[in-house]
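Descriptive analysis of the structure
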Amino acid sequence: MDPHALLLFLGVDLLLVCTPGPDWLYIAARGLGQGRRAALTAVAGVCAGYTVHTLLSAAGLAAALRALPALLPALRLAGAGYLAFLAVTLLLALRRGGGTDAALAAARPQPARTVLRQSLLTALLNPKGLLLYLSLVPQFVSPDATLPVGGQVAALGAVNVLCCAAVYSAVALTTARLAGRLNGTPTAARRLSAVSAVLLLAVAGVTATT
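To start, this report covers the structure provided alongside it. (Residues numbered from 1 in each chain as written. Predicted model: local features only at pLDDT ≥ 70, side-chain atom pairs only at ≥ 80, totals over all residues. Heavy atoms only, no water.)

1. Quick word on the nonpolar core
By size, the foremost hydrophobic cluster in this structure holds 29 residues, and its most contacted members are Phe-9, Ile-27, Val-137 and Tyr-168. Those elements that provide at least two residues to this core are helix H1 (3–17), helix H2 (22–34), helix H3 (36–58), helix H7 (112–124), helix H8 (127–136) and helix H9 (149–182). Sorting elements by how many residues they give to this core places H9 first, with 10 residues. Apart from residues lying up to four places away in sequence, Tyr-168 is in contact with Val-17, Asp-23, Trp-24, Ile-27, Val-43 and Val-46. (Core = buried A, V, L, I, M, F, W, Y, C linked by side-chain atoms within 4.5 Å. Buried < 20%, exposed > 50% of the residue type's maximum accessible area, 1.4 Å probe, protein only. Helix = DSSP H or I, 4+ residues; strand = E, 2+ residues; numbered from the N terminus. Contact = heavy atoms within 4.5 Å.)

In structure tokens form, the structure reads like this:
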């Protein structure tokens, strides 16, 4: 693969990943609501989801989705619905609890397996991840290169996953550190959990309307 094209893709992809968007909000929600471990686990889940996107695109799924444009809106609505479900579940838990113990319990990190699964599904249902492979990646793929097209897509997808891992880890650590300074009392724990739920609803709204 042409090193110049790879570096150019790296620059464009970094610019996109560093632009705050739904992924930022989702990871910030985890960091503020559940701390550093949950936020970093969410980053791992999101990156795993984009790795699946990479493998599927390298296998030709991107071309299939281009031929079935109605599938993207369906995925967008499914992703938004899933995020809204997570947010409403958290808000209902806070409302049912009401007391200090319930507030602290809501802010307590979920099991890593649960966070990883939810984050993986969030990334898989994120249409922006698919649009990256539908619109940006093909511009850097050359049918005349020695590396097969599938290999080029896989290489570019790996670059994207690494960029996401680096930038989103910084977002996770920053928001978790902020939460650590603000947390410590039941009232603060309850408010941070509510902020986390509102951020998830915001992500759902952005996902549904873009």
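Here the narrative resumes.
2. So, H1
If you check H1, its first and last C-alpha atoms are 21 Å apart, about what 15 residues at 1.5 Å a residue would give, namely 21 Å. Within the span of H1, buried status applies to Ala-5, Phe-9, Asp-13 and Val-17. Across the axial projection of H1, the buried residues extend over an arc of 95 degrees, all falling on one side. What points out from H1, more than 90 degrees from its buried face, is the exposed set Pro-3, His-4, Leu-7 and Leu-15. (Expected span 1.5 Å × (residues − 1). Arc of directions from axis to C-beta.)

3. Re the layout of surface pockets
Within this model, the largest pocket holds a volume of roughly 390 Å³. As for the largest pocket, its lining consists of 20 residues, and the residues nearest its centre are Leu-16, Val-17, Asp-23, Lys-128 and Tyr-168. At the level of secondary structure, the elements contributing two or more residues to the lining of the largest pocket comprise H1, H2, H8 and H9. Looking at the lining of the largest pocket, the element that brings in the most residues is H8, giving 6 residues. Among the residues forming the lining of the largest pocket, the class breakdown is 11 nonpolar, 6 polar and 3 charged. (1 Å grid on protein atoms, 1.4 Å probe; cavity = no way out; pocket = protein on both sides within 12 Å on 5 of 7 lines; lining within 4 Å. Points joined across faces, edges and corners; volume = space filled by probe spheres on them. Nonpolar A, V, L, I, M, F, W, Y, C, P; charged D, E, K, R; others polar.)

4. Focus on H7
Over its 13 residues, H7 runs 18 Å from end to end, which matches the ideal 18 Å to within 8%, given 1.5 Å per residue. Where H7 is concerned, the buried positions are Thr-114, Val-115, Gln-118, Ser-119, Thr-122 and Ala-123. Around the axis of H7, the buried residues are gathered within 160 degrees of arc, so they sit on the same side.

5. Some details on the side chain of Arg-30
Structurally, Arg-30 is set in helix H2. Although Arg-30 is buried, it makes no salt bridge; Asp-23 carries the closest opposite charge, 11 Å away. One polar contact links Arg-30 to Gln-118, side chain to side chain, over a distance of 2.4 Å. (Lys, Arg positive; Asp, Glu negative; His and termini not counted. Salt bridge = Lys/Arg side-chain N within 4 Å of Asp/Glu carboxyl O. Polar contact = N/O pair within 3.5 Å; in protein donor to acceptor, adjacent residues only side chain to side chain.)

6. Looking at the packing of aromatic side chains
For any pair of aromatic rings, the description consists of the separation of the ring centres together with the inter-plane angle of the planes. A complete count under the given rule lists 1 aromatic pair for this structure. Between Phe-9 and Phe-140, the aromatic rings sit 5.3 Å apart at their centres with planes inclined by 75 degrees, giving edge-to-face as the arrangement. With Phe-9 in helix H1 and Phe-140 in the loop between H8 and H9, this residue pair connects regions lying 131 residues apart in the sequence. A relative accessible area of 0% places Phe-9 in the buried class. (Phe/Tyr/Trp six-rings, centres within 6.5 Å; stacked < 30°, edge-to-face > 60°.)

7. Side note on the packing of H3 against H7
Two quantities define a packed helix pair, namely the angle between the axes and the distance from one axis to the other. Relative orientation of the contacting elements H3 and H7 amounts to 40 degrees, with a least axis distance of 7 Å. With respect to H7, the element H3 is oriented oblique. Classified by chirality, the crossing of H7 by H3 is right-handed. Contacts from Ala-38, Thr-41, Ala-42, Ala-44, Gly-45, Val-46, Ala-48, Gly-49, Tyr-50, Val-52 and His-53 of H3 reach H7 at Ala-112, Val-115, Leu-116, Ser-119, Leu-120, Ala-123 and Leu-124. Of the residues belonging to the contact of H3 with H7, the class tally is 13 nonpolar, 5 polar and no charged. (Axes fitted to C-alpha atoms, helices over the stretch in contact; angles between N-to-C directions. Parallel < 35°, antiparallel > 145°, perpendicular 65-115°, else oblique. Left-handed = near helix turned anticlockwise from the far one by under 90°.)

8. Examining the environment of Ala-179
Tracing the backbone through its elements, the reader meets Ala-179 in helix H9. Classification of Ala-179 as buried rests on a relative accessible area of 5%.

9. Focus: the environment of Gly-33
Along the polypeptide, Gly-33 turns up in helix H2. Residues Gly-33 and Ala-176 lie 143 residues apart in sequence; the distance between their C-alpha atoms is 8.3 Å.

Any functional reading would require information beyond the geometric quantities listed.
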